[in-house]
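# Descriptive analysis of the structure
In case you want the letters, here they are:
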Amino acid sequence: MSLTTPSPAEFLAAATAGTRVVVRYRIDGGLTDALGLLVACDDGHCTVRTRQADVVIPLELVVAAKEVPPAPPRRRPRG
């Protein structure tokens, strides 16, 4: 029996909204990552809510994607 790993686009399409993910995708001049909550995924795009903004990523540009553990609690400022 052979187990196949889903492609990054297949993983994102099957993931539940609210799953914390990291998505690596192509941009002009290289690659970048979006880390945050998966908001939605449709036929051609996925949306990841990062700390700064919602990032809409065309699935054709995605080269890797995986689920990641919850973020650690934020530290209180010293002082």
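Before going into details, it helps to say that this report is about the structure given with it. Only a predicted model underlies this, so the values are computations on that prediction, with no experimental measurement involved. Going along each chain's sequence as written, the residues are numbered from 1 onward. Per-residue local features of the predicted model are confined to residues with pLDDT of at least 70, and side-chain atom pairs are confined, for both listing and counting, to 80 or more; whole-chain, interface and lining totals are unaffected and use all residues. Water and hydrogen atoms play no part in the side-chain values, which are based on all heavy atoms of the structure.

## Some remarks on the side chain of Thr 19
- Along the polypeptide, Thr 19 turns up in the loop between helix H1 (8-14) and strand S1 (20-27).
- Exposure categories follow from relative accessible area, calculated using a 1.4 Å probe and restricted to protein chains: below 20% of the type maximum is buried, above 50% is exposed, and the middle band is partly exposed. Thr 19 gets classed as buried once you look at its relative accessible area, which sits at 14%.
- Residue contacts are counted whenever heavy atoms from the two residues lie within 4.5 Å of one another. Ignoring sequence-local partners within four residues, the contact set of Thr 19 consists of Gly 36, Leu 37, Leu 38 and Glu 67. Starting at the N terminus, helices and strands are each numbered in turn, a helix being any DSSP run of H or I of at least four residues and a strand any DSSP run of E of at least two.

## Considering the sheet that holds strand S3 (residues 45-49)
- Strands are labelled as partners when DSSP assigns at least two bridges between them. Judged by pairing direction, the sheet is antiparallel, and its five strands sit side by side in the order S4-S3-S2-S1-S5 without closing on themselves. With one partner strand each, in any of the chains shown, strand S4 (54-58) and strand S5 (62-67) form the two edges of the open sheet. The average angle at which neighbouring strand axes cross in this sheet is 40°, direction not considered.
- In this sheet, S4 lies alongside S3 in antiparallel orientation, the contact comprising five bridges. The residue bridging Val 48 from the neighbouring strand is Val 55, located in S4. In this analysis, axes come from line fits to C-alpha atoms, helices being fitted only over the stretch in contact, and the angle between any two N-to-C directions falls in the range 0 to 180 degrees.

## Focus: the pattern of salt bridges
- One speaks of a salt bridge when a side-chain nitrogen belonging to Lys or Arg is within 4 Å of a carboxyl oxygen belonging to Asp or Glu. Tallied over the full model, the rule gives two salt bridges.
- For Asp 33, the salt bridge goes to Arg 24, with nearest N and O atoms at 2.7 Å.
- A relative accessible area of 39% places Arg 24 in the partly exposed class.

## So, the nonpolar core
- Among buried residues, the Ala, Val, Leu, Ile, Met, Phe, Trp, Tyr and Cys ones that are joined through side-chain atoms within 4.5 Å form a nonpolar core. If you look at the biggest cluster of nonpolar residues, it comprises twelve residues: Leu 12, Ala 15, Val 21, Val 23, Tyr 25, Ala 34, Leu 38, Cys 46, Val 48, Ile 57, Leu 59 and Val 62.
- Elements with a minimum of two residues in this core: S1, strand S2 (30-41) and S3.
- Beyond its immediate stretch of four places on either side in the chain, Val 48 contacts Val 21, Val 23, Ala 34, Leu 35, Gly 36, Leu 37, Ala 53, Asp 54, Val 55 and Ile 57.

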